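Here is how the chains run, residue by residue.
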Amino acid sequence: MRLDKYYVLKTGEYYLSDIMCEGNKLLNYAIDKEYKKLYFDYELAEDDRKLIFIETGLNLEIKLLKEEK
């Protein structure tokens, strides 16, 4: 099965590249220009976006990643 939709969390030129959480508590996250954490599920991306915003105030946007051919 091929999935054509990938989502990323983005702010400006930077992307969420890694996130570690335990339950509803954010333990660690990383932002990078090159590496991107890909989400196949929009709802999971939204949950992580909300958690980062609540814990840090950083408001990331969910963007659809265009597949490069």
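Scroll up to find the structure.
Predicted model only: the values in this text are computed from it and were never measured.

The rules behind the values
Residues numbered from 1 in each chain as written. Predicted model: local features only at pLDDT ≥ 70, side-chain atom pairs only at ≥ 80, totals over all residues. Heavy atoms only, no water. Phe/Tyr/Trp six-rings, centres within 6.5 Å; stacked < 30°, edge-to-face > 60°. Helix = DSSP H or I, 4+ residues; strand = E, 2+ residues; numbered from the N terminus. Buried < 20%, exposed > 50% of the residue type's maximum accessible area, 1.4 Å probe, protein only. Lys NZ or Arg CZ within 6 Å of the ring centre and 35° of its normal. Pairing = 2+ DSSP bridges. Axes fitted to C-alpha atoms, helices over the stretch in contact; angles between N-to-C directions.

Colleague: I'd like a description of the packing of aromatic side chains, backed by residues and values.
Modeller: Between two aromatic rings, the relevant description is the distance of the centres plus the angle of the planes. Taken as a whole and judged by the stated rule, the model has 2 aromatic pairs. Here Tyr7 and Tyr42 contribute two aromatic rings whose centre-to-centre distance is 5.4 Å and whose plane-to-plane angle is 80°, an arrangement assigned as edge-to-face. Separated by 35 residues along the polypeptide, Tyr7 in strand 1 (residues 6-11) and Tyr42 in helix 1 (residues 42-56) bring together distant segments of the chain. Residue class for Tyr7 comes out buried when judged on its relative accessible area of 15%. Here Tyr42 falls in the partly exposed class, since its relative accessible area comes to 40%. Sitting over the ring of Tyr15, Lys36 keeps its end group 4.6 Å from the ring centre.

Colleague: Pulling in residues and values, what's your account of the sheet that holds strand 2 (residues 14-22)?
Modeller: Strand order in the open sheet formed by 4 strands is 3-2-1-4, with antiparallel pairing between adjacent strands. The open sheet has two edge strands with one neighbour each: strand 3 (25-32) and strand 4 (61-65). Adjacent strand axes in the sheet meet at a mean angle of 45°, parallel and antiparallel pairs treated alike. Where strand 1 lies against strand 2, 2 bridges are found, and the strand directions are antiparallel. Pairing of Thr11 across the sheet is with Tyr14, part of strand 2.

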